[in-house]
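# Commentary on secondary and tertiary structure
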Amino acid sequence: MPDYKMKFLVVDDFSTMRRIVKNILKQLGYEEIEEAEDGVNAYAKLKSGRFGFVVCDWNMPNMDGLQLLKKIRNDPELKDMPFLMITAEAEKHKVVEAIKAGVNNYIVKPFTAELLKEKMDKIFENLRK
Amino acid sequence: MRNKLELIKTVDTMAGEVKMNDLHNLKEFFEKMGMDSQDQRHGILEEIISFMDALVGQDYEKANNAVHSMMKKGQDDLFKEVGKITRKIHTAINGFKEAIDPRFKEIATVDMPNVIDKLQLVIDKTEEAANKTMETVEKYILNMDDLASHIRNLEGPESSVDYLKEFKNKLENDLTGILMAQSFQDITGQIIKKVIKLVGDIEEELVRLITTFGLKIEQGVKTERTEGELISQSGVDDLLKEFGF
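Residues numbered from 1 in each chain as written. Chains lettered and ligands numbered in written order. Predicted model: local features only at pLDDT ≥ 70, side-chain atom pairs only at ≥ 80, totals over all residues. Heavy atoms only, no water.

It is worth spelling out the packing of helix α2 (residues 39–48) of chain A against helix α3 (residues 65–73) of chain A at this point. All names here are of chain A. Two elements in contact, α2 and α3, have axes whose closest approach is 9 Å; the angle formed by their N-to-C orientations is 25°. The angle between α2 and α3 places the two elements in the roughly parallel class. Read as a crossing pair, α2 and α3 show a hand that is right-handed. Between α2, through Gly39, Ala42, Tyr43 and Leu46, and α3, the contact on the second element is made entirely by Leu68, Lys71 and Ile72. Within the contact of α2 with α3, the residues separate by chemical class into five nonpolar, one polar and one charged. (Axes fitted to C-alpha atoms, helices over the stretch in contact; angles between N-to-C directions. Helix = DSSP H or I, 4+ residues; strand = E, 2+ residues; numbered from the N terminus. Parallel < 35°, antiparallel > 145°, perpendicular 65-115°, else oblique. Left-handed = near helix turned anticlockwise from the far one by under 90°. Contact = heavy atoms within 4.5 Å. Nonpolar A, V, L, I, M, F, W, Y, C, P; charged D, E, K, R; others polar.)

If you want it as structure tokens, here you go:
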């Protein structure tokens, strides 16, 4: 059973995309969802709040998704944070780069609600192992 | 030969001294007018004096040299002027070449074709989205008549039947509204196409400019992309599996 009280941080510079992800997460039963428009903003929120999951875009101003991921993995407080990348970046070497940086899963835009659910389940399943 | 002798005689016997004085006066006159030793006229005048001097002294070789020297002076000055102009043009062209930002080349050969591709992608994606929206809306709009006849068959409380009828009408109106709103794609698409054309024209001019001023454009750069291999979600999943996910 997933923990529906888990607090999510949805990071994307496009509000439409944040809204879509937020809506899907709500449909999946999660209630606590916050938003950030770039990596800098996201990192500040992660440091100040008790978050359990990050859903993040790659291409953003100030600090992009990959930079945020690396920063999280290098932060002793945050290093185990589940991190799902949802991005239009579909180049093979970029996916590999994200995997090496420690991403928990990777979704290529455009995506469906079912795929997001599937990937979340997969992440939780892997975390339990 | 006869003419030459006559001329010499004239200079020598009659007015030789006078003419030489006149020439010297002329030189003074020019100097008063501000003719310095750098002036072209100064040199020619010197040669004329020398020529006349030689004639008076019947030194034909010296006179001949003076004439040649005069001719040469004229040509030298012409060449000098042409040379100066050439150098100025050369410097101007070089300056312009340096003034062209080296980034120009990248902009013309990589960035602008990329921008065109991206704009085309915008057209394609919005079109795709609009089509998908319309497809879904049409599916329901086409069934509105069926819905109406089902509502007519209902025998429930009148207020509920009326509610459903009104609901159905509103829904049909709104669905039509959504359908109509998709026309944005057509309008934005046309504007983007115009921008694509403009960017293409500018790109062509930039390439021409750069080629004219000697920055080499490698052929085929236009079609090459620096981006790597693109993969789909299933490709991503395969990769994740490879890495033990």
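Taken together, the contact between chain A and chain B spans 18 residues of the former and 12 residues of the latter. Around 1300 Å² of area is buried between chain A and chain B when both sides are counted, 69% of it from carbon and sulfur atoms. Taken as a group, Glu91, Lys92 and Ile99 of chain A account for 38% of the area that chain A buries against chain B, more than any other trio of residues on that side. Our count for the chain A to chain B interface comes out at one salt bridge. Residues Lys119 of chain A and Asp237 of chain B are paired through a salt bridge, measuring 2.5 Å at the closest nitrogen-oxygen approach. In this assembly, chain A and chain B are joined by five residue pairs in polar contact (both at pLDDT 80 or more). Its residues assigned to classes, the side of chain A that touches chain B shows nine nonpolar, four polar and five charged. (Buried area = accessible area lost by both parts, 1.4 Å probe. Salt bridge = Lys/Arg side-chain N within 4 Å of Asp/Glu carboxyl O. Polar contact = N/O pair within 3.5 Å; in protein donor to acceptor, adjacent residues only side chain to side chain.)

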